[in-house]
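Here is what each chain is made of, one letter per residue.
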2 protein chains.
Amino acid sequence: MLKKKEKYQVAVVGATGVVGREMVSILEERSFPIDRLIPFASHRSAGTKLMFKGKEITVQELKENSFAGLDLALFSAGAEVSRQYAPLAVKAGCAVIDNSSAFRMEKDIPLVVPEVNPDAIGDRPGVIANPNCSTIQLVVALKPLHDKFRVKRVVVSTYQAVSGSGQKAVLELREQSRNILAGKAIDKTVYPHQIAFNCQPHIDAFLDNGYKKEDMKMVNETKKIFADDSIQISPTAVRVPVINAHSESVNVEMAGPVTAAEVREALDGAPGLKVIDCPEKNEYPLAIDGAGRDHVLVGRIRNDLTNPNAVNFWIVADNLRKGAALNAVQIAELLLPR
Amino acid sequence: MLKKKEKYQVAVVGATGVVGREMVSILEERSFPIDRLIPFASHRSAGTKLMFKGKEITVQELKENSFAGLDLALFSAGAEVSRQYAPLAVKAGCAVIDNSSAFRMEKDIPLVVPEVNPDAIGDRPGVIANPNCSTIQLVVALKPLHDKFRVKRVVVSTYQAVSGSGQKAVLELREQSRNILAGKAIDKTVYPHQIAFNCQPHIDAFLDNGYKKEDMKMVNETKKIFADDSIQISPTAVRVPVINAHSESVNVEMAGPVTAAEVREALDGAPGLKVIDCPEKNEYPLAIDGAGRDHVLVGRIRNDLTNPNAVNFWIVADNLRKGAALNAVQIAELLLPR
């Protein structure tokens, strides 16, 4: 919880990255009570100008003493930066919301999605972790179902946008697409294989069990967020040539029989969710519609014809917003004294 | 079965379409014993020139009496054309292999994937149906698993290329991509929504149960091909901005416990399959590698951590070749007297 103040000194670490920029813009958009916003980045990006509330602010180089006198820091500069600087920020008395994977699975660090487990924040000062993008949109959709029907097992295949890999990946997709359309050779820098006009069943590093880190984030983070190890997730994370917003094809088995109609009713109007499910009018969630929106969109809700306890549906969310920056700012809002 | 001859009179109906062109080229590539190849198309496309065995052949307009004296006709001109002309071809004594959905689920029509159910062809003259592209690659991968472990339930999410919707869809993806990269407005003709840089959980028409025809093709065709109604398929068919070759994320539950290693062994070297599964070297099936190849590629084989009887894997196949034209020509090869 932040101390009671009218306005706060707020840092965004990694302010020039795709998520950092979203954080700055969402803090403004949601009128977070900010006295001064200090954007930090590496030496290389220091000096960059950003706009905040109509004024130009200059990105500063992150240093060990950067956090003196600050109230809150939102980190999104990768796990290494978080591991090095988040403890320093906490020591300086600053609340930290960390979008990296550095602390997510640490026992004493809350991992929070405000629509799902706001109470996990507790009263302790320190770091609060922001879950991975693919997890966040999934748990927002699972929450009302777990409350009402108890979720037993989820088989999920993702269709993840390149923005999740940062600005360079967006440029790589655009550049590769342009070259392929022109019949030219392509360069590969961010991804090991061509991403334009291709799907890659590969996100983050492979582990010994044949899963990728990205797969296992969905498995482990979901259990932690629900504080329920009984929820089983069978994941396949796939990168697709979409610029922004992740889609997920989700099969959910509940503890007992459910119908698509009951599931639709439970999802409709639940926090953070918007049902778009009118196939006869060609209305269903699309990545291009999810980008720039706050809600997790859900549709194509239908009975699993092979299991009376299960349904299939399709969810879409802006991975930079609800999947990262917005969720972090929502956590920050929970830290404001009421 | 075709009559014993040295070479045959073979028609390709829909010869100017993406699948029809593949049929012509695969008939040549596999040296099917052809005396004369007659390409047919609608009035609009008649007169188009195609190359076959180094010679130019002229596409003829399909007419009711087109099949007199022909031995074999491969149809890929849509269900309506098949419904109208395939019976005329059969009446004229011609064997028909039909790539449309027109006859697939008819009780007396064999639905054949040569690696899976070659014996379904039988001795009766008439129409043999070629399954849908998304089904073919799935059943080729399920076959060795069903033989060895008995497949009970499959949850499959597809990543389907636009070539499955024909040449116009390929042009639409390219044109939309080009315009978006240039910051211009896009046109939509083939698909109800933008397909460039987007995923659509929508292929073919929606049905009352919330599934699409494309979803239900996987469900019903798989049961028919295996002649086993106990195989349960829970499908989600999705169109992605890939030019050619479908990918599928597949979760398969067997009748008893299996390991990824046992599944890999069963798949490795099975007819029509090629295992590419070396994640530590970034080797796994990719749409861009599947295009132009005959095999169904399978990789990312791993234990389902939520079910000891299940595994997850990823399959890729050229939907125009194994998913359509190659499978049809393989059926034709089965009709040759031995």
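Please refer to the structure placed before this passage.
Every chain is numbered on its own, with residues counted from 1 as its sequence reads. Here chains are named by letter from A upward and ligands by number from 1 upward, in the order in which they appear as written. Local features are withheld for residues below a pLDDT of 70 in this predicted model, meaning they are given only at 70 or higher, and side-chain atom pairs are given and counted only at 80 or more; totals for whole chains, interfaces and linings count all residues. Only heavy atoms go into the side-chain values, all of them from the structure, while hydrogens and water stay out.

Visitor: With reference to specific residues and values, describe the relation of the copies chain B and chain A.
Guide: Alignment of copies: least-squares fit on C-alpha atoms of residues with pLDDT of at least 70 in both copies. Rotating chain B by 180° about the axis while translating it 0.0 Å along that axis superimposes it on chain A, leaving an RMSD of 0.0 Å. Here the transformation between the copies is reduced to the relation of a two-fold axis. When checking whether two residues touch, look at their non-hydrogen atoms; a contact exists if any pair is within 4.5 Å. An overlap of 100% is found between the interface residues of chain B and their copies at the interface of chain A, pointing to a shared contact surface.

Visitor: Any details on the pattern of salt bridges? Residues and values, ideally.
Guide: One side chain can pair with another of opposite charge once the charged atoms of both are near each other. One speaks of a salt bridge when a side-chain nitrogen belonging to Lys or Arg is within 4 Å of a carboxyl oxygen belonging to Asp or Glu. Under the counting rule described, the total for this entry stands at 32 salt bridges over all chains. Among the ionic pairs, E221 of chain B bridges to R104 of chain B, the shortest N-O distance being 3.2 Å. One end of the pair, E221 of chain B, is in helix 5 (residues 213-226); the other, R104 of chain B, is in the loop between strand 7 (95-98) and strand 8 (127-129), with 117 residues separating them in the sequence. Each of the two residues, E221 of chain B as well as R104 of chain B, counts as buried. Sharing partners across several salt bridges, the network here consists of E22, E29, R30, D294, R321 and E333 of chain A. Under the DSSP-based scheme used, a helix requires at least four consecutive residues in state H or I and a strand at least two consecutive residues in state E, with every element numbered from the N terminus. A simple rule labels every residue: compare its accessible area, found with a 1.4 Å probe on the protein chains alone, to the largest value its type can have, and call it buried under 20%, exposed over 50%, or partly exposed in between.

Visitor: Give a description of the packing of helix 3 (residues 133-149) of chain A against helix 8 (residues 321-335) of chain A that names residues and reports values.
Guide: All names here are of chain A. Only the contacting stretch of a helix is used when fitting its axis, a line to C-alpha atoms as for every element, and angles between N-to-C directions run 0 to 180 degrees. Following both chains from N to C, one finds helix 3 and helix 8 inclined at 85°, their axes separated by 8 Å at the closest point. As judged from the angle between their axes, helix 3 and helix 8 are roughly perpendicular. Contact residues: helix 3 offers C133, I136 and V140, while helix 8 offers K322, G323, A324 and N327. Broken down by class, the residue content of the contact of helix 3 with helix 8 amounts to four nonpolar, two polar and one charged. An angle below 35 degrees is read as roughly parallel, one above 145 as roughly antiparallel, one from 65 to 115 as roughly perpendicular, and any other as oblique. Each residue is assigned to one of three groups, with Ala, Val, Leu, Ile, Met, Phe, Trp, Tyr, Cys and Pro labelled nonpolar, Asp, Glu, Lys and Arg labelled charged, and all others, Gly among them, labelled polar.

Visitor: Any details on the interface of chain B and chain A? Residues and values, ideally.
Guide: Contacts between the two partners involve 57 residues from chain B and, on the opposite side, 57 residues from chain A. Using a 1.4 Å probe, buried area is obtained as the accessible area two parts lose upon being combined, added over both of them. Between chain B and chain A the total buried area reaches about 5000 Å² when both faces are included, carbon and sulfur atoms providing 58% of it. Viewed at the interface, chain A and chain B are joined by four salt bridges. For D304 of chain A, the salt bridge identified is with R153 of chain B, shortest N-O distance 2.6 Å. Polar contacts, as counted here, are pairs of nitrogen or oxygen atoms within 3.5 Å of one another; within protein the pair requires one atom able to donate a hydrogen and one able to accept it, and residues that are adjacent in sequence qualify only if both atoms are side-chain atoms. Between chain B and chain A we count 43 residue pairs in polar contact (both at pLDDT 80 or more) in total. Of the residues that constitute the side of chain B that touches chain A, the class distribution is 28 nonpolar, 21 polar and eight charged.

Purely spatial values, then, with no claim about function.
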